[in-house]
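Notes for the structure review
Each chain is listed here by its residues.
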Amino acid sequence: MTRRIGYLLLPAILPIAVLLGYGIWSIPAQNFYFPPLPEIIGFFRDIWLFDRIGSDLVPSLARMLSAYAISIGLGVPIGLALGFSRLLRTACEPVVEFLRALPAPALIPFALLIFGAGNGSKLFVIVLGAIWPILLNSLDGARGVDRTQLDMARSYQVPRLARLRHIVLPAASPRIFAGMRTSLAIALILMVVSEMVASSHGLGYFVLQAQRSFAIPEMWTGIILLGILGFLLNAIFLRIENRVLFWHRAVTRKRPTKARSEATDA
Amino acid sequence: MLDVSQLRKVYGPDPNAPPAVADLSFTVAEQEFVCILGSSGCGKSTMLRCLSGLDSPTAGEVRLRDRRVTKPPEEMAFVFQDYSRSLLPWMKVRRNVSFPLRYKGVGNRAADDATEEALDAVGLAGKGDLYPWQLSGGMQQRVAIARALAYKPRVLLMDEPFASVDAQTRTGLEDLLLDVWQRYEITVLFVTHDIDEAIYLADRVLVLRAPAQIRHSTTVPLARPRDQLTTKQQPEFGQLRAELFNALDAQPAPA
């Protein structure tokens with residue numbers, strides 16, 4: 001019992017120690033770039049509870065989450081289709097390989113030209129960076145579907161679209177989720193980067209603006225808020241993943257690599 | 001009802017490459033239980049894939065009730081060797097069984113009834129809400145059999161279905177299969193490499209040699225219903241075992 005409580009508390013020890021250490025060091029240090037902890041906390045409360053939530057946090061989150069949704073909505077079907085059909089895959093591979101190698105921020109100037117300084121250019125840049133892990137993992141997931149499962153469905157005359165929906169999609173979902181998790185972090189990064197150029201609000205804009213006006217504690221509050229945001233988004237994601245992929249956990253725990261080694265007759 | 005004539009299957013683009021199935025011909029009668037016996041690598045699985053319409057033969061043809069098989073026919077169900085790979089782990093047992101029915105054009109009601117009936121027939125009534133991975137290996141293969149039965153096929157093709165379960169479970173599954181074979185009045189083509197299993201189950205045993213060709217054919221005169229103890233103690237059982245053992249063991253024909 002005490003052991004369990006210990007394990008629950010264990011992850012909290014290091015963050016508390018770091019905060020305490022920083023607090024003890026920063027108050028007497030009076031460093032311009034590393035302001036005292038109470039000052040940062042004070043600014044954080046003033047700015048983010050809840051003054052600029054509506055003007056900066058909500059627009060940033062809305063951009064990021066809608067771009068993330070677009071990345072999933074495009075990446076999963078395209079990836080599955082490419083994985084399912086060898087013809088499509090062969091035809092599209094060079095283009096995919098080229099586009100995924102492009103660093104998305106390099107297209108910010110282009111996006112500004114085409115979409116202007118509003119949300120469009122930011123969505124474009126985030127999607128362009130976040131879509132690849134989802135698309136490529138969906139592709140690999142679809143290719144890795146067990147042939148027996150597909151043969152089974154084919155022998156029962158299950159139509160092609162239903163095989164894609166009820167076999168390929170769930171079978172690939174562990175890989176899809178791995179890709180979505182990577183993309184979540186990329187989407188957060190690109191949200192900040194895209195807001196640092198030609199923006200009038202948003203978290204990235206706020207951090208850069210604070211730094212430019214030498215408002216160092218304010219700048220730190222923005223950075224800390226981004227950290228908390230990333231942490232929370234990841235935690236929520238993991239909860240959803242656990243719910244959706246419960247069967248995958250059960251199967252992989254029960255059966256390490258047994259099924260694969262069983263020889264099948266020619 | 002099932003006619004296989006001059007079936008030949010060569011993998012790859014070269015038609016002169018060594019075939020996996022060569023000039024295979026046999027017929028299976030309505031409601032007959034036929035076992036195909038062959039050592040591993042003799043082309044049994046390739047043959048089954050051609051019979052089931054999953055693969056198309058290079059030459060020859062398969063006819064099911066006088067219709068040529070070119071794609072998986074509706075009157076046929078296939079039970080794979082590896083239940084852990086043919087069942088879908090993200091679906092509950094009930095959904096696994098009813099999944100193919102939703103595309104067969106039977107109504108929801110009829111599909112549900114057929115599902116429950118099949119689960120009941122294989123002794124899994126009440127397990128419908130579990131996931132396959134919550135069941136033992138033998139029970140999982142029974143789910144696969146239930147899925148095949150619920151599909152109401154006329155022919156059941158089985159590819160070494162009991163090869164990955166332990167001996168105890170296996171005899172139970174054999175008796176279960178004989179029971180549902182009679183209850184559902186279906187034709188069964190059962191591939192195995194186990195001589196005793198073939199004799200115990202079949203009306204007729206065909207021995208295959210590589211590349212898949214009939215080497216030997218024998219009818220099993222043992223009375224039904226069969227029993228794991230008394231049937232296997234009959235002198236005919238021993239004679240058949242020796243006969244089939246020799247047929248399997250004979251040197252393969254030069255290629």
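- If you look chain B up in an unreviewed UniProt entry, it shows as NitT/TauT family transport system ATP-binding protein from Tamaricihabitans halophyticus.

- The name given to chain A in an unreviewed UniProt entry is ABC-type nitrate/sulfonate/bicarbonate transport system permease component, and the organism recorded there is Tamaricihabitans halophyticus.
- The record in UniProt for chain A states the following under Subcellular location (unreviewed entry): "Cell membrane".

**Topic: the overall build of chain A**
- Along chain A, the regular secondary structure elements total twelve helices and zero strands.
- Put simply, chain A runs from its N terminus to its C terminus through helices and strands in the order α-α-α-α-α-α-α-α-α-α-α-α.
- Taken over the C-alpha trace, chain A has a radius of gyration of 23 Å; the compact-globule value for 266 residues is 18 Å, which it surpasses by more than 25%.
- Along the first, second and third principal axes, the C-alpha set of chain A runs to 75 × 60 × 25 Å.
- Counting only residues that meet the buried cut, chain A has 33% of its 266 residues in that class.
- The contacts of chain A with a sequence gap of at least 6 include a subset with a gap of at least 24, amounting to 74%.

**Here we look at the interface of chain A and chain B**
- On the chain B side, the residues contacting the 25 residues of chain A number 28 residues.
- Ranked by the residues each element gives to the side of chain A that touches chain B, the list is headed by helix H7 (residues 147–155) of chain A, at six residues.

**A closer look at the UniProt feature "transmembrane region" (unreviewed entry) in chain A**
- Per the UniProt annotation, the sites labelled "transmembrane region" (unreviewed entry) are residues 7–27, 65–85, 97–117, 123–142, 184–207 and 219–240 of chain A.
- Annotation note: span residues 184–207 of chain A, helix share 71%, strand share 0%, distance between end C-alpha atoms 20 Å.

**Overview of the sheet that holds strand E8 (residues 187–192) of chain B**
Residues and elements named next belong to chain B.
- With mixed pairing, the six strands of this open sheet are ordered in space as E6-E7-E8-E3-E9-E10. On the outer flanks of this sheet lie strand E6 (76–79) and strand E10 (213–219), each paired with one strand and no other. Strand-to-strand twist of the sheet, defined as the mean angle between neighbouring strand axes without regard to direction, takes the value 20°.
- Where strand E3 (residues 33–37) and E8 come together, five bridges link them in parallel fashion. Within E8, the position partnered with Ile36 by the bridge is Val191.

**Focus: the sheet that holds strand E4 (residues 59–64) of chain B**
All names here are of chain B.
- Reading across from one edge, E2-E1-E4-E5 is the order of the four strands in this open sheet, with antiparallel pairing throughout. Two strands lie at the open edges of the sheet, namely strand E2 (21–28) and strand E5 (67–68), each paired on one side alone.
- Looking at chain direction, strand E1 (residues 2–9) and E2 are connected through five bridges and run antiparallel. In the sheet register, Asp3 faces E2, and the bridge partner there is Thr27.

**Quick notes on the packing of H7 of chain A against helix H8 (residues 160–195) of chain A**
All names here are of chain A.
- Contact geometry for H7 and H8: axes closest at 11 Å, N-to-C directions at 170°. Overall, the two elements H7 and H8 adopt an arrangement that is roughly antiparallel. Within the contact between the two elements, H7 uses Gln149, Leu150 and Ala153 and H8 uses Arg163, Ile167 and Ala171.
- Taken together, the residues of the contact of H7 with H8 sort by class into four nonpolar, one polar and one charged.

**Quick look at the UniProt feature "domain: ABC transmembrane type-1" (unreviewed entry) in chain A**
- As annotated by UniProt and renumbered to match this structure, "domain: ABC transmembrane type-1" (unreviewed entry) occupies residues 57–237 of chain A.
- Helix makes up 85% of residues 57–237 of chain A and strand 0%, with an end-to-end C-alpha separation of 19 Å.

**Focus on the environment of Lys127 of chain B**
Residue and element names in this part refer to chain B.
- Inspection of the secondary structure assignment puts Lys127 in the loop between helix H4 (108–121) and helix H5 (137–150).
- Put simply, Lys127 and Met139 are twelve residues apart on the chain and 9.7 Å apart in space, counted from C-alpha to C-alpha.
- Leave out the neighbours within four places in its chain, and Lys127 touches Val93, Leu119 and Leu135.

Parameters and conventions
Residues numbered from 1 in each chain as written. Chains lettered and ligands numbered in written order. Predicted model: local features only at pLDDT ≥ 70, side-chain atom pairs only at ≥ 80, totals over all residues. UniProt positions renumbered as here; feature names shortened; annotations may be inferred. Helix = DSSP H or I, 4+ residues; strand = E, 2+ residues; numbered from the N terminus. Rg over C-alpha atoms; globule rule 2.2 N^0.38 Å. Buried ≥ 20, exposed ≤ 12 C-beta atoms within 10 Å, placed from the backbone. Contact = placed C-beta atoms within 7 Å. Pairing = 2+ DSSP bridges. Axes fitted to C-alpha atoms, helices over the stretch in contact; angles between N-to-C directions. Parallel < 35°, antiparallel > 145°, perpendicular 65-115°, else oblique. Nonpolar A, V, L, I, M, F, W, Y, C, P; charged D, E, K, R; others polar.

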